[in-house]
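Chain by chain, the residues:
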There are 2 protein chains.
Amino acid sequence: MSASPLIDRRHLEFALYDLLDIERLMRYPRFAEHGRETFDATIDLANRIAVEKFLPHNRKSDLNEPHLVDGRVQLIPEIGEALRAYNEAGFTAVMADVDDGGLQLPFVIATACDALFAAANLGTSAYPALARAAANLLDAHASVDQKRRYMRPILEGRWFGTMCLSEPQAGSSLADIATTATPQPDGTYKISGAKMWISAGEHELGANIVHLVLAKIVGAPAGVRGISLFIVPRYKVAADGSVGTSNDVRLAGLNHKMGQRGSVNTFLKFGEQDDCIGELVGQPHHGLGYMFHMMNEERIGVGVGAVQQGSAGYLYALNYARERRQGRHPDQKDASTPPLPIIEHADVRRMLLWQKCVVEAGQLLCLYAALQVDRAHDPDPAVQRDAALLLDLLTPIVKSWGSDSSLKANELAIQVLGGYGYTREYPVEQFYRDNRINPIHEGTNGIQALDLLGRKVMQQEGAALKLLFAAMSDTCLRAGDDAELRVHAQQLQQGMRRVGEVTRVAAQRMAAGEARDVLANATHYMTAFSTLTVAWLWLWMAEAASRNLALDEDFRAGKRQACRFWFATEFAQVEHAARLVGEVDRSALDMRPGWF
Amino acid sequence: MSASPLIDRRHLEFALYDLLDIERLMRYPRFAEHGRETFDATIDLANRIAVEKFLPHNRKSDLNEPHLVDGRVQLIPEIGEALRAYNEAGFTAVMADVDDGGLQLPFVIATACDALFAAANLGTSAYPALARAAANLLDAHASVDQKRRYMRPILEGRWFGTMCLSEPQAGSSLADIATTATPQPDGTYKISGAKMWISAGEHELGANIVHLVLAKIVGAPAGVRGISLFIVPRYKVAADGSVGTSNDVRLAGLNHKMGQRGSVNTFLKFGEQDDCIGELVGQPHHGLGYMFHMMNEERIGVGVGAVQQGSAGYLYALNYARERRQGRHPDQKDASTPPLPIIEHADVRRMLLWQKCVVEAGQLLCLYAALQVDRAHDPDPAVQRDAALLLDLLTPIVKSWGSDSSLKANELAIQVLGGYGYTREYPVEQFYRDNRINPIHEGTNGIQALDLLGRKVMQQEGAALKLLFAAMSDTCLRAGDDAELRVHAQQLQQGMRRVGEVTRVAAQRMAAGEARDVLANATHYMTAFSTLTVAWLWLWMAEAASRNLALDEDFRAGKRQACRFWFATEFAQVEHAARLVGEVDRSALDMRPGWF
């Protein structure tokens, strides 16, 4: 079979330049040195490294998972080679200031590049993604000295980073973490505790690992208000930045996963010998807020990685369906006619079109969210504020809808390949396994739904929702010139009214003390909201593609057809799920544990 | 964590005795010697063997997949030990005539036992399931001599069986098979060709393997009307039944699967040395019809196995959610209160209730379908006819809905366990991988949907549909006494009207030559039909549980709550999917290959 591309570049460029018009970013002083040429060259370079250095060992990583040799984590050597190429090309510091040795590129371009690395090899791309997010957190919240000693080595690709939140007894419930920090006379803290599910928690890829650890200073308030953030390096770091001896962080075990096996996942114990030193980041008891700087970047990253597994599976299945011949149309009874490429079968076409819908909308959604990060550099405070609100609102949708829908896309990619798709001789089963973690980590999708309904749409009297709906209304207005798209615009407006209505009902009833009942339907709210959002994205794509006559005719027709398909087959979920929220359905909540 | 049971025995007995009233089967002469005592004792025995012999090596099978040693397939020894225990307990011949050494039990009891073996170990249970189905095919269609020489050794557990349909160039498209059969002077045939995806195609578990092979006699008509069925043993079998030398069936390769690794899956080549002898079963060119005897049994078996993976995951996740403590209610801000068992969280409860809904309805659906096989022994030809129609109608739903919904159930079981669910230290990730084949094999779910809409509901002017709807109407009538259930009965009746309407539209438009357009929405039809059917099953369960005051109070309340949940959260799909069918939606069909 001919090779499938790593990404649909036409769609990527359509999203970046036609829809998001990212060339506007050059008006900001931070990005003034850049232009479409540097953006495209960066994406080209990412594509080349992804194809040459990340893709070839994706299956090998799966078959040779990290293991211990003489107490050290052994990875296949290709991972280190890929990361060296990545770092030498500047991707570790792609967003960092030029003064810090970075390329000072927008996050939206970094996200497009991330998409390529994730499509090629999700496991390997986890290491630099965590390192970069750790550096970004330190850039935002650490002291000048901490940045010099911990952030710079990460940006230079010499060290790596992790985020240490979960503990065995408290997976998602950070209020219950038990890791402690005891103040020392020199201003540092002794750290003691255990952290679970730590990706990239131990390996020999760099000279040090900067663990960013949530812990409670002895005597701190109970719950999340008592959480502080600490820099806890694997090896102690002297004042001059030199690396010393072990910092008493012990690898207590490796987790053996269904997929994403290339990314080592660890159970770590801190301070068993009472010799684990941490440095406080920022103020005591404000650690959760700082950590969310990293967590939110990772949530977008999870969405990007998930959507790209969906994309990789889709492009592979599409290619397969065009080449594999089997069967005939149901009204063709003459067995002497040649078999058809299976893309001619309506149900195969349906499965591919569903994948196209969620993959291309998912990519646009991720880039749109990433662009809001860059708009923080706008000189206008109102733009900054709006961008921050939109980013906050979109983050749980990117993470949750991105991962749920792309997992389903991978399920359909396997189905298109039939029995072959179920074998390890083809890549789609690995995409499916690798992708299955994405609805779980960095806050389960259930938690994302609580975040969306309980917090994000409620903040500032629904200010974020109003902004998003204003963007949707703009699209509806532009679509009004087109007889067919006008009908979809009307559907979208009706959906916005319904989601708006049930959001108000939810707000009123939560204010009336019924939060538990209302939030019991948070996942249905997420379904309604994300289905509506994706419908908007498709209307936007269809409208923009129709308007731009310079685009390829087939490309434009495909966008319109996918828009038609989403409204025909998926949009009804908006009304159904919104109804459950509006009625405060209790059918799950009322179930008693003894009744199962 | 405390161990979860292999199956919810209360639900199984409720289904068998309260709902299906299988004790009525004792009125048939074939089953007159049996009674609830022998049924229960058989299920007890199956449970014991499943727990003691099948369950313990489920993970070991996954970690040690079949491989070649000196050209022979090597399985872990526990598989052979499990099958010996299975055979010694009489399960190989559980349905066979007493005269053939069998237990002459109904298929519905065999299915309940299959459920236990499949819940314990799907891979190992594939071997006897194929053997039994091969024996049943031979019992129905082979000559007396063939039964003596091939069926008896299978029933005695000495030999095994396979079904050989697919070929590398023609997976689902049997019209295009290229395996040939050349008549020999002695009445046998020389077989030549290649067969792909053959489960249990080669192993050393027994002294011989009876391959049931579809092939075309030289000069046969093109397409499926030219297919004949042959008995092709691995080792030649003499007139006295003794096993001779190799029959020139060569193992050309093993398929390496994502899951169900204990069940060896092979690529076989027949007659490379021009020395592969086959015996014709029945009449030439009627092979596909005979094979469907086995295929239909396997389709029910796929549904049973899939639902039981769903069940195993559900029971494990339920147990976990009752014991694992984490987090608090969203309105509980006091972090000094103890964490709750996660079953108290509404979204966890929703995920468990969804699993309960599809697992318990799925088990009832499988048993209901199996009961139709037994009703063939009714002395009344009208009952026989009705049972055959219902079985035909239900088979694609059991296979397709059973496998799709239980895969989603496994996805949710992983989600309930969170990160732990993604690791190989817990069993749910294996259930998910093992289950992923079920929407593919024995006819993909897309093919099942074509079978349902294009054939099963159309046959004999919708006779099967009328029978099923009559059963649904009975339930609605009985539910009318209960104020709450009456509302669901009205919803169900409305759903029946809608499905009936769109079935008529489909019939008319197919008759008008629009089969290709109509069948493009076959999967939506399957969604509408199966969601409706499951709603009926829940109304039936809720009504019967409410009526039977002897049942445990919690058990009864759980059935009512699950019924409420299905109608509240899933039933809307009936209308939505039916609308797409009725409108002959073209949004997928109109997509052109070049537009993707």
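Residues numbered from 1 in each chain as written. Chains lettered and ligands numbered in written order. Predicted model: local features only at pLDDT ≥ 70, side-chain atom pairs only at ≥ 80, totals over all residues.

Here's the deal with the overall build of chain A
Turning to step 1, where the next piece is worked out: From N to C terminus, chain A includes 18 helices and 12 strands.
Turning to step 2, where the next piece is worked out: For chain A, buried positions account for 59% of its 596 residues.
Turning to step 3, where the next piece is worked out: Put simply, of all contacts in chain A between residues at least 6 apart along the chain, 74% involve residues at least 24 apart. (Helix = DSSP H or I, 4+ residues; strand = E, 2+ residues; numbered from the N terminus. Buried ≥ 20, exposed ≤ 12 C-beta atoms within 10 Å, placed from the backbone. Contact = placed C-beta atoms within 7 Å.)

Concerning the nonpolar core
Turning to step 1, where the next piece is worked out: W538(A) and W538(B) are the most contacted members of the largest nonpolar core, which totals 411 residues.
Turning to step 2, where the next piece is worked out: Ignoring anything within four residues of it in the chain, the contact list for W538(A) reads C357(A), A361(A), A562(A), C563(A) and W566(A). (Core = buried A, V, L, I, M, F, W, Y, C linked by C-beta atoms within 7 Å.)

Concerning the interface of chain B and chain A
Turning to step 1, where the next piece is worked out: Facing 76 residues of chain B, the contacting portion of chain A comprises 76 residues.
Turning to step 2, where the next piece is worked out: Only α8 (287–323), α9 (346–374), α10 (381–417), α12 (445–456), α15 (515–519), α16 (522–547), α17 (553–569) and α18 (572–582) of chain B provide two or more residues apiece to the side of chain B that touches chain A.
Turning to step 3, where the next piece is worked out: Among the elements that take part in the side of chain B that touches chain A, α17(B) stands out by supplying eight residues, more than any other.
Turning to step 4, where the next piece is worked out: Partitioning the side of chain B that touches chain A into residue classes produces 34 nonpolar, 25 polar and 17 charged. (Nonpolar A, V, L, I, M, F, W, Y, C, P; charged D, E, K, R; others polar.)

Regarding the domain arrangement of chain A
Turning to step 1, where the next piece is worked out: With domains assigned, chain A is organised as domain 1 (9–155), domain 2 (161–287) and domain 3 (444–596).
Turning to step 2, where the next piece is worked out: One C-alpha centre belongs to domain 2 of chain A, the other to domain 3 of chain A, and the line joining them spans 39 Å. (Domains from an automatic or database assignment.)

A short note on the relation of the copies chain B and chain A
Turning to step 1, where the next piece is worked out: For the pair chain B and chain A, the relating rotation is 180 degrees, the translation along its axis is 0.0 Å, and the fit reaches an RMSD of 0.0 Å. Expressed as an axis order, the relation between the two copies is that of a two-fold axis.
Turning to step 2, where the next piece is worked out: A high fraction, 100%, of the interface residues of chain B reappear at the interface in chain A, so the copies pair face to face through one surface. (Least-squares fit on C-alpha atoms with pLDDT ≥ 70 in both.)

Describing the environment of Y28(A)
Residues and elements named next belong to chain A.
Turning to step 1, where the next piece is worked out: You can see Y28 is positioned in the loop between α1 (9–19) and α2 (36–54).
Turning to step 2, where the next piece is worked out: Classification of Y28 as partly exposed rests on a count of 16 C-beta atoms within 10 Å.
Turning to step 3, where the next piece is worked out: Separated by 408 residues in the primary sequence, Y28 and R436 have C-alpha atoms spaced 39 Å apart.
Turning to step 4, where the next piece is worked out: Discounting chain neighbours no more than four positions away, the residues touching Y28 are H377 and D378.

Quick word on helix α2 (residues 36–54) of chain B
Turning to step 1, where the next piece is worked out: Given a rise of 1.5 Å per residue, 19 residues ought to cover 27 Å, and the 25 Å separating the end C-alpha atoms of α2(B) matches this to within 8%.
Turning to step 2, where the next piece is worked out: Turning to α2(B), the residues buried within the fold contact α4 (77–88), α5 (107–120) and α6 (122–141) of chain B. (Expected span 1.5 Å × (residues − 1).)

Section: the packing of α5(B) against α8(B)
The description of two helices packed together rests on the angle between their axes and the distance between the axes.
Residues and elements named next belong to chain B.
Turning to step 1, where the next piece is worked out: With their axes 8 Å apart at the nearest point, α5 and α8 run at an angle of 50 degrees to one another. Here α8 runs oblique to α5, going by the angle between their axes. Between α5 and α8 the crossing geometry is right-handed. The segment α5 lies against α8, with T111, D114, A115, A118 and A119 engaging G301, V304, G305, Q308, S311 and A312. (Axes fitted to C-alpha atoms, helices over the stretch in contact; angles between N-to-C directions. Parallel < 35°, antiparallel > 145°, perpendicular 65-115°, else oblique. Left-handed = near helix turned anticlockwise from the far one by under 90°.)

A closer look at the environment of H377(B)
Residue and element names in this part refer to chain B.
Turning to step 1, where the next piece is worked out: Checked against the element boundaries, H377 lands in the loop between α9 and α10.
Turning to step 2, where the next piece is worked out: Judged by the 17 C-beta atoms lying within 10 Å of it, H377 is partly exposed.
Turning to step 3, where the next piece is worked out: For the pair H377 and G362, spaced 15 residues apart in sequence, the C-alpha separation works out to 25 Å.
Turning to step 4, where the next piece is worked out: Residues contacting H377, with those up to four places away along its chain left out, are Y28 and R30.

Let's talk about helix α12 (residues 445–456) of chain A
Turning to step 1, where the next piece is worked out: The element α12(A) is extensively covered by neighbouring structure, given that nine of its 12 residues are classed as buried.
Turning to step 2, where the next piece is worked out: Within α12(A), the full set of buried residues consists of N445(A), G446(A), Q448(A), A449(A), L450(A), D451(A), L452(A), L453(A) and K456(A).
Turning to step 3, where the next piece is worked out: Contact partners of the buried residues in α12(A): α10 (381–417), α13 (463–479), α14 (483–511), α15 (515–519) and α16 (522–547) of chain A together with α9 of chain B.

Re the packing of helix α14 (residues 483–511) of chain B against α18(B)
Residue and element names in this part refer to chain B.
Turning to step 1, where the next piece is worked out: For the pair α14 and α18, the least separation of the axes is 9 Å and the interaxial angle reads 15 degrees. Here α14 lies roughly parallel to α18, going by the angle between them. α14 and α18 meet at a crossing whose hand is left-handed. Where α14 abuts α18, its residues G495, R498, V499, E501, V502, V505 and A506 lie against V574, E575, A578, V581 and G582.

As for unusual backbone geometry
Turning to step 1, where the next piece is worked out: Even without glycine at this site, D274(A) takes up a positive phi of about 60 degrees.
Turning to step 2, where the next piece is worked out: Tracing the backbone through its elements, the reader meets D274(A) in the loop between β11 (265–270) and β12 (277–280).
Turning to step 3, where the next piece is worked out: Taking the number of C-beta atoms within 10 Å as the measure of exposure, D274(A) has 10 and is therefore exposed.
Turning to step 4, where the next piece is worked out: Located in the positive-phi region is H285(B), a residue other than glycine, with phi close to 70 degrees.
Turning to step 5, where the next piece is worked out: Looking at the secondary structure, you find H285(B) in the loop between β12 (277–280) and α8.
Turning to step 6, where the next piece is worked out: Classification of H285(B) as partly exposed rests on a count of 17 C-beta atoms within 10 Å.

Here's the deal with the pairing of strand β6 (residues 208–217) of chain A
Residue and element names in this part refer to chain A.
Turning to step 1, where the next piece is worked out: In terms of burial, β6 is largely enclosed, as nine of its 10 residues are buried.
Turning to step 2, where the next piece is worked out: In this sheet, β6 lies alongside strand β3 (residues 159–164) in parallel orientation, the contact comprising six bridges. The residue bridging W159 from the neighbouring strand is N208, located in β6.
Turning to step 3, where the next piece is worked out: Direction of pairing for β6 relative to strand β7 (residues 227–233): antiparallel, over a ladder of seven bridges. For K216, the partnering residue across the bridge sits in β7 and is I227. (Pairing = 2+ DSSP bridges.)

Observations regarding the pairing of β7(A)
Residue and element names in this part refer to chain A.
Turning to step 1, where the next piece is worked out: Along β7, seven of the seven residues are buried, which leaves the element largely enclosed by surrounding structure.
Turning to step 2, where the next piece is worked out: Residues I227, L229, I231 and P233 line one face of β7 and the alternating positions S228, F230 and V232 line the opposite face, and both faces are buried.
Turning to step 3, where the next piece is worked out: Summarising the sheet, β7 and β12 pair through two bridges and their orientation is antiparallel. When the bridges of β12 are listed, F230 appears paired with L280.

Side note on the environment of R560(B)
Turning to step 1, where the next piece is worked out: Among the secondary structure elements, R560(B) is positioned in helix α17.
Turning to step 2, where the next piece is worked out: Other than its neighbours up to four places away in sequence, R560(B) contacts A542(B), A545(B) and S546(B).

So, the confidence of the model for chain A
Turning to step 1, where the next piece is worked out: On average, chain A scores 96 in pLDDT, and the residues at 70 or more come to 100%.
Turning to step 2, where the next piece is worked out: Of the two predicted TM-score estimates for the complex, the pTM is 0.97 and the ipTM is 0.97. (pLDDT = per-residue confidence, 0-100.)

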